[in-house]
Amino acid sequence: MEPFENFTGVVAPLDRANVDTDAIIPKQFLKSIKRTGFGPYLFDELRYLDPGEPGMDCRSRPLNPDFVLNDPRYQGAQILLARENFGCGSSREHAPWALADFGFRVILAPSFADIFHNNCFKNGLLPIVLAPETVEGLFARSRGPQALRIDVDLPGQLLTLDDGTRIPFEIDAGNKARLLEGLDDIGLTLQHADAIRAYEARRQIEAPWLFAV
Amino acid sequence: MGSKTLYDKLWDEHVVRVDDNGAVLLYIDRQLVHEVTSPQAFEGLRLAGRRPWRAAANLAVPDHNVPTRDLAAGITDPISRIQVETLDHNCADFGIREFPMADPRQGIVHVIGPEQGFTLPGATLVCGDSHTSTHGAFGALAFGIGTSEVEHVLATQCLIQRKSKTLLISVDGQAGPGVTAKDIVLAIIGEIGTAGGTGSVIEFGGEAIRALSMEGRMTVCNMAIEAGARAGLIGVDEKTIEYLRGRPYAPSGELFERAAAHWRTLVSDPGADFDRVVRLDASAIQPQVTWGTSPEMVVPVGGRVPDPRAEADPVRAEGIRRALGYMGLEPGTAIRDIRPDKVFIGSCTNSRIEDLRAAAEVVQGRKVADGIRLALVVPGSGLVKAQAEAEGLDRIFTDAGFEWREPGCSMCLAMNADRLEPGERCASTSNRNFEGRQGQGGRTHLVSPAMAAAAAVAGHFVDVREL
Ligand code: SF4
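To start, this report covers the structure provided alongside it. These figures come from a predicted structure and were not determined experimentally.

The helix and strand inventory of chain A stands at eight helices and seven strands. Per-residue burial for chain A yields a buried fraction of 57% across its 213 residues. Put simply, of all contacts in chain A between residues at least 6 apart along the chain, 62% involve residues at least 24 apart. As displayed, chain A has an accessible area near 8,700 Å², and 52% of this comes from carbon and sulfur atoms. In chain A, 22 positive and 30 negative side-chain charges are present, and the distance between their average locations comes to 2 Å.

Set out below in structure tokens:
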């Protein structure tokens, strides 16, 4: 995974609560056995007017002019502004893969679904929980004639809006370190292989039925 | 130590180590693997030159993409076929036990785990699928994970986790006749909302939960995820233990008795502290029908579709308006006046033998109504199908005009050929009514198996108790 670096990006406001993983990437695209190439199908049913199928060339498909990502103001957006319970539904990691492949690096919302939130960190995406009033304010700001731009500083845990407003945010220290260093979780865990083996040896005595498969 | 919740007990037994940030390396006893969320995990292992830490801790089965008829012809959709074949190859390469498509034990992961005794009380169990919460019905800590975590468990048998909050949902008193586990869990979600359990593990308790069969408890825990919870849990009792006795992967003989003695301790201690407690009165729960595009958009069958103008909160009012538009419903429509085009009885929520019996009881001696284009019964596994056929349930369904299919996820998410066409309306026993879930433009109403069967024979939603 690439280390997460600070950047300044355009905010695309997606004004819907409970956006589920089926909406983020419809199931016909889950048949892929790869991790990449999902970006063109992100929000497929909302973004295009025709039914999407895997392998389609999206450049010639009819766009839904009412969908936020098709608005000229938000082209190249790297920050997605969302409403509560974003990413609910399935555990599919295809959802963060599609968001990242499309070019998003940060998602701002008042709350996220648990599994989705977790999956983001595994893919270099930074989900930030903000107070509902803050989110409301950002929606108002991002709808102006000029798109809102935000500077994201992960080490400093700070968002700075283009008018200079500063919004600090919280993040779990372990997740922050992994994003910043782009670390491989499995490699980190395997550093504790001895502890895992010791645990297994103890459990084989305490609960042998769990090892009898 | 003071009193512990069931979740505390399961958690404490699985802590391998705690790091400086307070994150826990949690040991995972069991993993279920299916074709949709595993290919990239196996690929990751291959690229890093890693082998599974404990291959025997995994059980794999294809379910999402498998066709539900004409199995001999194989999978005709080439992309689906590649995904299923990839699972077969990966399992062979990495030494993982698999029930391939032709195996009589094949079925939906969350049906076969318990059926095989692979799911055990006191275990931690994961799967790259959110409905892994189902297995919590056995007093196991079971939750869905993403593909990176599937790879992490394959490689290390562990996950990095933080402890969740606890929410006790106590369903007190007795549910009336005709009110099933599905109605109870839909009523719970209606009460607390789809984000009501976010960040929490829900323990379901109370007299009405204790009274449920293991199948019913699985239905309830299955939908804990629809309430936003990390996992659902139900304490162990004699029903749990008797369900597991004699199952292929459960312990046997003296080891079973030893295990059972430990399993009996897997309940929350009296006086254990939960972060939050919600109580519901079971006797007030009616058969439920969802009207919108989120499981919390649910009302009793005698009710009506809401009117957004009566909703004070503008975001919620807009949500109702959007849902009604998608569902093609006018505000105030009586649920009974809604007429499905298709009926689907199946999915990991409601495709076990008891579900099929409940639906067959309603269908017996009746016919599928003229307005219904397709009524499907898709058993959860090959073994459920065989059992149902031995009981003659398949004949009851086919005599009434239902189609009797091969096991799999089928029209729950429409990754195979079974799907809704745009604008079609479905009475479905599955767990999600999201936009496009059962096919692009399809409209889903979630109900219990008995209520789906009743809608099939009546041609519109109807209170199964009055049929
Ligand atoms: S039956 Fe539906 S919810 Fe269950 S595992 Fe299959 S697709 Fe997922």
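Looking now at the overall build of chain B. Of the regular secondary structure elements, chain B holds 15 helices and 19 strands. Taking 2.2 N^0.38 as the reference for a compact globule, 467 residues should give roughly 23 Å; the C-alpha atoms of chain B span a radius of gyration of 21 Å, in line with that estimate. With the C-alpha coordinates aligned to their principal axes, the bounding extent of chain B is approximately 55 × 55 × 45 Å. Counting the 467 residues in chain B, one finds 66% classified as buried. The contacts in chain B between residues at least 6 apart in sequence include a share of 76% that link residues at least 24 apart. A total accessible area of about 15,200 Å² is found for chain B, and carbon and sulfur atoms account for 49% of it.

A few words now on the sheet that holds strand E3 (residues 30-33) of chain B. Residue and element names in this part refer to chain B. With parallel pairing, the five strands of this open sheet are ordered in space as E5-E4-E3-E6-E7. Where the open sheet ends on each side, the last strands, each with one partner, are strand E5 (97-98) and strand E7 (141-144). Pairing of strand E6 (residues 124-127) with E7, which is carried by four bridges, proceeds in the parallel orientation. Considered in E7, the bridge of Cys-127 is made with Gly-144.

Residues and elements named next belong to chain B. In the vicinity of the ligand, the residues found are His-64, Ile-108, His-110, Asp-129, His-131, Ser-347, Cys-348, Cys-409, Cys-412, Leu-413, Asn-431 and Arg-437. Applying the majority rule of atoms within 2 Å of the grid points places the ligand in the largest cavity. Across the shell around the ligand, the residue classes tally to five nonpolar, five polar and two charged.

All names here are of chain A. What the seven strands build is an open sheet, ordered E4-E3-E2-E1-E5-E6-E7; its pairing is mixed. Among the strands making up the open sheet, the edge pair consists of strand E4 (126-129) and strand E7 (166-168). Taken over all neighbouring pairs, the strand axes of this sheet differ in orientation by 25° on average, direction set aside. Note that strand E6 (residues 158-161) and E7 share three bridges and pair antiparallel. Among the inter-strand pairings, Thr-160 is bridged to a residue of E7, identified as Arg-166. Each of strand E3 (106-109) and E4 touches helix H4 (residues 114-121); the most contacted strand, E4, lies at about 135° to it. Along the sheet, helix H5 (residues 132-142) contacts strand E1 (7-13), strand E2 (79-81), E3, strand E5 (149-153), E6 and E7; its crossing angle with E2, the most-contacted strand, is approximately 110°.

What counts as what
- Residues numbered from 1 in each chain as written.
- Chains lettered and ligands numbered in written order.
- Predicted model: local features only at pLDDT ≥ 70, side-chain atom pairs only at ≥ 80, totals over all residues.
- Heavy atoms only, no water.
- Helix = DSSP H or I, 4+ residues; strand = E, 2+ residues; numbered from the N terminus.
- Buried < 20%, exposed > 50% of the residue type's maximum accessible area, 1.4 Å probe, protein only.
- Contact = heavy atoms within 4.5 Å.
- Areas by Shrake-Rupley, 256 points an atom, 1.4 Å probe, with all protein chains shown as cover.
- Lys, Arg positive; Asp, Glu negative; His and termini not counted.
- Charge placed at Lys NZ, Arg CZ, Asp CG, Glu CD.
- Rg over C-alpha atoms; globule rule 2.2 N^0.38 Å.
- Pairing = 2+ DSSP bridges.
- Near = heavy atom within 4 Å.
- 1 Å grid on protein atoms, 1.4 Å probe; cavity = no way out; pocket = protein on both sides within 12 Å on 5 of 7 lines; lining within 4 Å.
- Sits in = over half its atoms within 2 Å of the grid points.
- Nonpolar A, V, L, I, M, F, W, Y, C, P; charged D, E, K, R; others polar.
- Axes fitted to C-alpha atoms, helices over the stretch in contact; angles between N-to-C directions.

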